[in-house]
Amino acid sequence: MSQQQYAISEYLNVDEVYARLDKLISQPIRPVRREKMQAYLDYFETKWQKVKRLNDAACEIIRAGSA
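This is a predicted model, so every value here is computed, not measured. (Residues numbered from 1 in each chain as written. Predicted model: local features only at pLDDT ≥ 70, side-chain atom pairs only at ≥ 80, totals over all residues. Heavy atoms only, no water.)

A. Spotlight on the overall build of the protein chain. Per the secondary structure count, the protein chain includes three helices and zero strands. Going from N to C terminus, the protein chain has its helices and strands arranged as α-α-α. A compact globule built from 67 residues should have a C-alpha radius of gyration of about 11 Å, whereas the protein chain, at 20 Å, is more than 25% larger. Once the C-alpha set of the protein chain is aligned to its principal axes, its extents read approximately 50 × 40 × 30 Å. By the burial criterion, 0% of the 67 residues in the protein chain qualify as buried. Element-wise, carbon and sulfur atoms account for 58% of the exposed surface of the protein chain, whose accessible area totals about 7,400 Å². The positive charge centre, built from 11 side chains, and the negative charge centre, built from 9, are 7 Å apart in the protein chain. (Helix = DSSP H or I, 4+ residues; strand = E, 2+ residues; numbered from the N terminus. Rg over C-alpha atoms; globule rule 2.2 N^0.38 Å. Buried < 20%, exposed > 50% of the residue type's maximum accessible area, 1.4 Å probe, protein only. Areas by Shrake-Rupley, 256 points an atom, 1.4 Å probe, with all protein chains shown as cover. Lys, Arg positive; Asp, Glu negative; His and termini not counted. Charge placed at Lys NZ, Arg CZ, Asp CG, Glu CD.)

Shown next, in the form of structure tokens:
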């Protein structure tokens, strides 16, 4: 029988993670220029098609389940 292995091999320092998150969210919001936003959207549209299909399917299931 093989030895059981866990998906997480190293646990993060939770206090450090929260401190970094607090620092991040305390900064002002930086808007994304329209042309850059379109480039980001195009990237995800072309590179992540399978994820988009899975997301669309999940949305349909959730919508159907809540009706």
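After that view of the structure, there is still more to cover.
B. Just the pattern of salt bridges, in detail. In total, this model carries three salt bridges according to the counting rule given. For E35, the salt bridge goes to R33, with nearest N and O atoms at 3.0 Å. In this structure E35 comes out as exposed when scored by relative accessible area, which is 51%. Overall, R33 belongs to the exposed group, its relative accessible area being 52%. Of the charged contacts in the structure, one is a salt bridge between E60 and R63, with a shortest N-O distance of 2.6 Å. (Salt bridge = Lys/Arg side-chain N within 4 Å of Asp/Glu carboxyl O.)

C. The arrangement of the packing of aromatic side chains in detail. Within this structure, the stated rule accounts for one aromatic pair. Arranged with centres 5.1 Å apart and planes meeting at 80 degrees, the rings of Y43 and F44 form a pair that is edge-to-face. Judged by relative accessible area, Y43 falls into the partly exposed class, the value being 41%. (Phe/Tyr/Trp six-rings, centres within 6.5 Å; stacked < 30°, edge-to-face > 60°.)

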